[in-house]
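Below, each chain spelled out in residue letters.
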Amino acid sequence: MLKQIFIKDFALFSEVTLTFEKGLTVLVGETGAGKSILIDALNAALGERSSSDVIRSGLKKAIVEVSFIDVDSEELRSIFLDDNLDWSDDQLIIRREITSSGGSRSFINDTPVQQSVIRSVGALLLDYHGQHETQGLFSPIGQRAILDGFAGVQELLHELSSAWTRLQTANRSHKELLASVSNAADEIERLQFGLKEITEVSPMVGEIESTLLELNRIEGQEVIARHATEAHQLLYSGDTSALSLIHDAKKALLGLAVFNPELNSFVPDLESAEITCNEIALAVSSLQVEVDYTPEYHEKLRLRLAALQRLARKHGSIEQAVETAEKNRQRVLDLSEIDKSLKAAESLVNSSRISALALATELNKIRSKKAVELQQSVCKTVAELGMKSADFSIEISQSELNESGCDSVQFLLSANIGENTKPLNKIASGGELSRVMLALKKAGADTQRRSTLVFDEIDTGVSGRVARQVGELMHKLSASHQILAISHLPQIASLADHVVRVEKFEENGRTEAIAVYVHGSDAEVEIAKLMSGAEVTESTIATARELIKSK
């Protein structure tokens, strides 16, 4: 049940707090006073679209906070569990902040949540009916949604939606495979040509670098041998080699050391130089002999290098060429087995369609059964509302399978005896539509768990005795559901358990709106205003008093 709403800097309301009770609460006031704005604020808190235009001029933020009590339900608990929200049986507080930058934030029990979560929670807490919803009765989709709400098939619809998604996915995969089949031969030929070009070379990663080194070594053999021989002679084997000269220098130094012992300290350096000359000479000695590589081997290496470089230029690198070969090989394998994949895809499409059709058939059975119950309920209610000869029926015809099943739903009405039933949009007047909608809402309220119903001028098009009957039905419904309604009719307002007056005034150059409860004689005056306008007389007050007493 809706317990309280707090509004700050929203449209005409600078700040207002209203606490609600059980029963029928009617909002009264002049046209434009702000009654619908209050309901708009309530809807904004529960996730409806709202722009920064609702913020009072010159301010940065609007806030709407609503609280509900006695909210325990399995569906709500499931949403709270899925979104890791703290659950409380006692009270649920929803707050929305709308900023001048165009953004907004929503909270449940002070935890930030997405608007989609707020809308899901709000749909389980409150059922709203506005004037545009009556026009929604003309829509086959809207009519089907009303029937589904009465039938309580939301879980089955969710299963069907998932099955439909699986079927659509399977169909797309099947179509893609069919397209591949027609192009498979050409693609295999193209892939095999590219694969052959690479496999004929059979490149290995790093092979270009190793081949270049080998070619450089072959082509430099003569130069290598000449330099190796020269180095060996200068270091070791020549008549005046470095080794012999160092050896003679060492002998001369030892002779001098007899006369100057300090020179002995240089002898180890000359001995080290001798060792170095020997080691280098040994290292280059093997390079003195020129290896006799055949011209055929040399040419083979050059051709190999050219083939590798062509592949590298075409594919970016040898590594990428090797990777392309593997991809082509796997794709050719896949395309070669495409017939098998196509059969599997066809099987999946068939099984997915069978599953979706089974759910749609089950849904059709429930809709057909519940349509009869809804017809009976609406006919009974509209008869109580003055349409005693009305005949309301629901026609369910077969349509193509979609995410909502295989049913097309149409509401039919005959408002007068002797007339055939016809679609609502072709025969129903505004008053008749209002009564049909109220009858549908009553039927839905009897089967659904939402404890709060909000009616924004559902009395459009009715007056006199019929208006009283509408009010009596709303009052009767308020025994089991909290009702919040906007009405301009005294016949309805006089039946309210609680009356809220909404009015606007100017203060400090700005328009302000307030909403306050009125009781006793004040309530009588407000109802009298609905009968005679701003001018209230003792006579109209007496009439208002009689209307209130007769409820």
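Not measured: the values here are computed from a predicted model. For every chain, the first residue of the written sequence is number 1, and numbering continues from 1 along that sequence. Since the coordinates come from a predicted model, pLDDT governs what is reported: local features require at least 70, and pairs of side-chain atoms require 80 or more to be given and counted, while whole-chain, interface and lining totals use all residues. The side-chain figures draw on all heavy atoms in the structure; neither hydrogens nor water molecules are used.

Caption draft 1: Representation of the side chain of S393 in the model. To qualify as a helix, a DSSP run of H or I must reach at least 4 residues; to qualify as a strand, a run of E must reach at least 2; elements of each kind are numbered from the N terminus. Tracing the sequence through the fold places S393 in strand β9 (residues 391-402). Among residues more than four places away in sequence, those in contact with S393 are Q375, Q410, F411, L412 and T421. Here a residue-residue contact requires only that any non-hydrogen atoms of the pair lie within 4.5 Å.

Caption draft 2: A look at the environment of S532. With respect to the element layout, S532 can be found in helix α18 (residues 520-532). Think of it in three bands: with a 1.4 Å probe and only protein chains considered, a residue is buried below 20% of the maximum accessible area for its type, exposed above 50%, and partly exposed in between. S532 gets classed as partly exposed once you look at its relative accessible area, which sits at 32%. Through-space distance from the C-alpha of S532 to that of P490 is 9.9 Å; in sequence the pair is 42 residues apart.

Caption draft 3: Expanded view of the environment of L147. Summarising the element assignment, L147 is placed in helix α5 (residues 140-151). Spatially, the C-alpha atoms of L147 and S36 are 27 Å apart, while their sequence positions differ by 111 residues. Setting aside residues up to four positions removed in sequence, L147 forms contacts with R367, K370, A371, L374, I394, I396 and V409.

Caption draft 4: Quick look at the side chain of S487. Tracing the chain through its elements places S487 in the loop between β13 (482-486) and α17 (490-493). For S487, the side chain forms a polar contact with the main-chain nitrogen of L489, separated by 3.1 Å. Excluding residues within four positions of it along the chain, S487 makes contact with V26, L27, V28, D459, I492 and L530. Definition of a polar contact: a pair of N or O atoms within 3.5 Å, with one able to donate and the other able to accept a hydrogen when the atoms are protein atoms, and with sequence-neighbouring residues admitted only if both atoms are side-chain atoms.

Caption draft 5: Spatial organisation of the sheet that holds strand β1 (residues 2-10). At least two bridges found by DSSP between two strands are what make those strands a pair. Reading across from one edge, β2-β1-β4-β5-β6-β7 is the order of the six strands in this open sheet, with antiparallel pairing throughout. Edge positions in the sheet fall to β2 (13-19) and β7 (111-113), since each has one partner strand and no second. Each neighbouring strand pair of the sheet contributes to a mean axis angle of 15 degrees, computed without reference to strand direction. Bridge count between β1 and β2: six bridges; the pairing is antiparallel. Within the sheet, the bridge partner assigned to I5 lies in β2 and is L18. The sheet strands contacting helix α1 (residues 35-45) are β1, β2, β4 (61-69) and β5 (91-99), and the helix crosses β1 at an angle near 105 degrees. For helices, the fitted axis covers only the stretch in contact; all axes are lines through C-alpha atoms, and the angles between them, taken along N-to-C directions, range from 0 to 180 degrees.

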